[in-house]
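# Coordinates in review
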Amino acid sequence: MIILQGATDTSRAGLWRWTLAPGGRYDAEPDRPGAQEIHHVLADRLTLAQETGPQVVGPEQSATIASDQQYAYLNEHAEPTVFIRVVSGA
């Protein structure tokens, strides 16, 4: 994971580029109440495991989740998953 840009004000925003290897998983800690993440998949598919159930995001698709819960990123496929992540309010 590489942080591409962080906000300089108090909004606590960040722009990240992630690559998950095949079979990779990242378990995240809940953020502050009201925090969100936007994900845009560049290659392969990303599974967002959330308390409400999994959500699969395909290439050139985007999804927004509340990040003030337990959640994880999973690559359940044979190719690396590459995605952009925007964090807001963390």
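The structure under discussion appears in the preceding block.
These notes cover the structure that comes with them.

By definition, the strands of a sheet pair up through backbone hydrogen bonds, in either a parallel or an antiparallel sense. With antiparallel pairing, the four strands of this open sheet are ordered in space as S3-S8-S5-S6. The sheet terminates laterally at strand S3 (25-28) and strand S6 (53-57), the two strands that pair on one side only. Taken over all neighbouring pairs, the strand axes of this sheet differ in orientation by 15° on average, direction set aside. Pairing between strand S5 (residues 46-50) and strand S8 (residues 71-74): four bridges, direction antiparallel. The residue of S8 that forms the bridge with alanine 49 is alanine 72.

All right, on to the environment of tyrosine 26 then. Here tyrosine 26 shows up in strand S3. Measuring from C-alpha to C-alpha, the distance between tyrosine 26 and tyrosine 73 comes to 5.1 Å, with 47 residues separating the pair along the chain. Ignoring sequence-local partners within four residues, the contact set of tyrosine 26 consists of Trp18, Tyr71, Ala72 and Tyr73.

Here S8 shows two buried faces, one formed by Tyr71 and Tyr73 and the other by Ala72 and Leu74. Alignment of S3 against S8, held across four bridges, turns out to be antiparallel. Paired with aspartate 27 across the bridge in S8 is alanine 72.

Using the criterion set out here, one finds two salt bridges in the structure. Its salt-bridge partner being glutamate 37, residue arginine 85 comes within 2.9 Å of it at the nearest N-O pair. One end of the pair, arginine 85, is in strand S9 (residues 81-88); the other, glutamate 37, is in strand S4 (residues 36-43), and 48 residues separate them in sequence. Overall, glutamate 37 belongs to the buried group, its relative accessible area being 0%.

So, about the packing of aromatic side chains. For any pair of aromatic rings, geometry is given as the distance between the ring centres together with the angle between the planes. Scanning all chains against the criterion turns up six aromatic pairs. Seen in terms of ring centroids, tyrosine 26 and tyrosine 73 are 5.9 Å apart; in terms of plane orientation they differ by 20°. Their pairing is stacked. Of the two residues, tyrosine 26 is situated in strand S3 and tyrosine 73 in strand S8; the sequence distance between them amounts to 47 residues. The partly exposed category is assigned to tyrosine 26, whose relative accessible area is 33%. One cation-aromatic arrangement involves arginine 85 over tryptophan 16; the distance from NZ or CZ to the ring centre is 5.4 Å.

Parameters at a glance
- Residues numbered from 1 in each chain as written.
- Predicted model: local features only at pLDDT ≥ 70, side-chain atom pairs only at ≥ 80, totals over all residues.
- Heavy atoms only, no water.
- Pairing = 2+ DSSP bridges.
- Helix = DSSP H or I, 4+ residues; strand = E, 2+ residues; numbered from the N terminus.
- Axes fitted to C-alpha atoms, helices over the stretch in contact; angles between N-to-C directions.
- Contact = heavy atoms within 4.5 Å.
- Buried < 20%, exposed > 50% of the residue type's maximum accessible area, 1.4 Å probe, protein only.
- Salt bridge = Lys/Arg side-chain N within 4 Å of Asp/Glu carboxyl O.
- Phe/Tyr/Trp six-rings, centres within 6.5 Å; stacked < 30°, edge-to-face > 60°.
- Lys NZ or Arg CZ within 6 Å of the ring centre and 35° of its normal.

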